Amino acid sequence: MVSAKRFEGITQERLTALLERFPSRRVAVVGDFFLDKYLDVDPRLAETSLETGKIAHQVVRVRHSPGAAGTVVCNLAALGVGTIYCVGIIGDDGEGYELRQDLQRLGCRLEHLQVVPDRFTPTYLKPRDITDPSLAGEHSRYDTKNRTPTPEKLVDRLLSSVENLLSEVDAVIVLDQVEEEECGVVGRRLREFLAQQAPRFPHIVFWADSRRHIRQFRRIILKCNRYELTGSRPREGDPPDWAALLEALKSFRELNGAPAVVTLGEYGMMVSDPEILWIPAVRVEGPTDPTGAGDSATAGAVAALASGAALPEAALVGNLVASITVQQLATTGTAKPEELPPRLELWRSQQSDQRSLPA
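So, here's what we can say about the structure. (Residues numbered from 1 in each chain as written. Predicted model: local features only at pLDDT ≥ 70, side-chain atom pairs only at ≥ 80, totals over all residues. Heavy atoms only, no water.)

## Quick notes on the packing of aromatic side chains
Here is step 1 of the chain: Taken as a whole and assessed by the stated rule, the structure comprises 2 aromatic pairs.
Here is step 2 of the chain: Where Trp-242 meets Tyr-267, the ring centres are 5.4 Å apart and the plane angle is 90°; that geometry is what we call edge-to-face. Residue Trp-242 is found in helix H7 (residues 242-256), and its partner Tyr-267 is found in the loop between strand E14 (260-263) and strand E15 (269-272); the two are separated by 25 residues along the sequence. The burial state of Trp-242 is the same as that of Tyr-267; both residues are buried. (Phe/Tyr/Trp six-rings, centres within 6.5 Å; stacked < 30°, edge-to-face > 60°. Helix = DSSP H or I, 4+ residues; strand = E, 2+ residues; numbered from the N terminus. Buried < 20%, exposed > 50% of the residue type's maximum accessible area, 1.4 Å probe, protein only.)

Written out as structure tokens, the structure reads:
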């Protein structure tokens, strides 16, 4: 039977030493850069269209921020990572302009972000009720994505960008958001390229997260959530099937040939390197919004790995970051370095009654 030990944690001195290295780290984020665009709607101003009789929702504010791979970037920037390269493909359109402006404000390097006229800038358009900051306040979302294969000439340029950056960075994060096969930034050729390059650059942290294709990566650190790992979603409120999770993580690690990380929501993370360790989450009070929590955990974990952390230590840093971002409602949250030590103190205070996996 596969088992998991509980990670005992790190000291405040160790966390401080890792955080002090963040400003000198150089990270390339490769993948699908989306624009998260919010339309803040005031339901008290709703009108009825004279032409159609339908409700005309009234927008009182428009705001936007980088999404998907951009969410990882936002969190890296908030954590104080010194140099962030954005590597991807976006459209030469209004959404692309807004996305580039947002990324420039974060201080990102954009010379490897291809802007092309015949592709959309992927966009999540999110109307939401300003009187309800909870998830219930979100209206139906409108998605803009590319639904035709990415041209090979763009893939060539993308691979060239990644290859050129390998001599410049401490970590490469791959964020594969587009579910349609070969229609986003991350496809077969990039996955094969990374599997070839990772052994040649052992000093670089290679980390990938993918909504649909995580099992097609090899030889780099892979992160997924428990539903992606097991292929099943329990009923609301049901705890994980720990035995099935442990067996699935063991098999996943063997398939990949490199470390694996699985996020467990309120239960934290497990890592396999290849020993399986459980890193409990920080328990927080009040309403939460999980949007972008996995991406914020990725940012924290990779920044820590690039700063010399072991994988369990990095996973704990990811948990600390996610515990902060989930408490930021109606937006994609971020965490600052100075917020992490108090969260570590809270986490440590919660561990005395949490010695083994929950029932």
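## Considering the sheet that holds strand E13 (residues 221-225)
Here is step 1 of the chain: Pairing is mixed in the open sheet, where 10 strands are placed in the order E1-E16-E15-E14-E13-E12-E11-E2-E7-E8. Pairing within the sheet leaves two strands with one partner each, and these edge strands are strand E1 (5-6) and strand E8 (113-116).
Here is step 2 of the chain: As judged from the 5 bridges shared by strand E2 (residues 26-31) and strand E11 (residues 171-176), these two strands associate in the parallel manner. Within E11, the position partnered with Val-29 by the bridge is Ile-173.
Here is step 3 of the chain: Contacting E2, strand E7 (83-91) and E11, helix H2 (residues 69-78) crosses the sheet at an angle of about 165° to E2.
Here is step 4 of the chain: Against the sheet, helix H4 (residues 152-165) engages E2, E7 and E8, with an angle of about 180° to E7. (Pairing = 2+ DSSP bridges. Contact = heavy atoms within 4.5 Å. Axes fitted to C-alpha atoms, helices over the stretch in contact; angles between N-to-C directions.)

## What to know about the environment of Ala-309
Here is step 1 of the chain: With respect to the element layout, Ala-309 can be found in the loop between helix H8 (293-306) and helix H9 (311-325).
Here is step 2 of the chain: It is 7.1 Å that separates the C-alpha atoms of Ala-309 and Leu-18, two residues lying 291 residues apart in sequence.
Here is step 3 of the chain: Excluding residues within four positions of it along the chain, Ala-309 makes contact with Arg-14, Leu-18, Ala-304 and Ala-314.

## Examining the side chain of Gln-177
Here is step 1 of the chain: Note that Gln-177 resides in the loop between E11 and helix H5 (188-197).
Here is step 2 of the chain: For Gln-177, a relative accessible area of 10% puts it in the buried group.
Here is step 3 of the chain: Once you skip the residues sitting within four places of it in the chain, Gln-177 turns out to touch Asp-32, Phe-34, Ala-68, Tyr-124 and Arg-211.

## Examining unusual backbone geometry
Here is step 1 of the chain: At the junction of Asp-273 and Pro-274, the peptide bond is cis and its omega measures out at -5° in the coordinates.
Here is step 2 of the chain: One non-glycine residue, Glu-182, lies in the positive phi region at around 65°.
Here is step 3 of the chain: Here Arg-219, not a glycine, exhibits a phi torsion of approximately 70°, which is positive.
Here is step 4 of the chain: Mapped onto the secondary structure, Arg-219 falls in the loop between strand E12 (205-210) and E13.

## Things to note about the pairing of E8
If a strand is regular, its side chains alternate between the two faces of the sheet.
Here is step 1 of the chain: One ladder, built from 4 bridges, connects E7 with E8; its direction is parallel. Within E8, the residue paired with Ile-89 across the bridge is Gln-114.
Here is step 2 of the chain: Crossover E7 to E8 through helix H3 (residues 94-105) is right-handed. (Right-handed = clockwise from strand over helix to strand, strands pointing away.)

## A few points about the packing of helix H1 (residues 12-21) against helix H10 (residues 340-350)
Here is step 1 of the chain: For the pair H1 and H10, the least separation of the axes is 10 Å and the interaxial angle reads 150°. Between H1 and H10, the angle falls in the class roughly antiparallel. Read as a crossing pair, H1 and H10 show a hand that is right-handed. When H1 is examined against H10, the residues Gln-12, Leu-15 and Leu-19 are found in contact with a partner set consisting of Leu-340, Pro-341, Leu-344 and Glu-345.
Here is step 2 of the chain: Of the residues belonging to the contact of H1 with H10, the class tally is 5 nonpolar, 1 polar and 1 charged. (Parallel < 35°, antiparallel > 145°, perpendicular 65-115°, else oblique. Left-handed = near helix turned anticlockwise from the far one by under 90°. Nonpolar A, V, L, I, M, F, W, Y, C, P; charged D, E, K, R; others polar.)

## As for the sheet that holds strand E6 (residues 59-68)
Here is step 1 of the chain: Pairing is mixed across the open sheet formed by 4 strands, whose spatial order is E6-E3-E9-E10. Pairing within the sheet leaves two strands with one partner each, and these edge strands are E6 and strand E10 (142-144). Neighbour to neighbour, the strand axes of the sheet diverge by 20° on average, direction disregarded.
Here is step 2 of the chain: Helix-sheet contacts for H3 involve strand E3 (33-41), E6 and strand E9 (123-129), and the interaxial angle to E3 is about 100°.

## Focus on the environment of Lys-54
Here is step 1 of the chain: With respect to the helices and strands, the residue Lys-54 is situated in the loop between strand E4 (47-48) and strand E5 (55-56).
Here is step 2 of the chain: You can call Lys-54 exposed: its relative accessible area is 59%.
Here is step 3 of the chain: The residues contacting Lys-54, other than those within four sequence positions of it, are Glu-47, Thr-48 and Ser-49.

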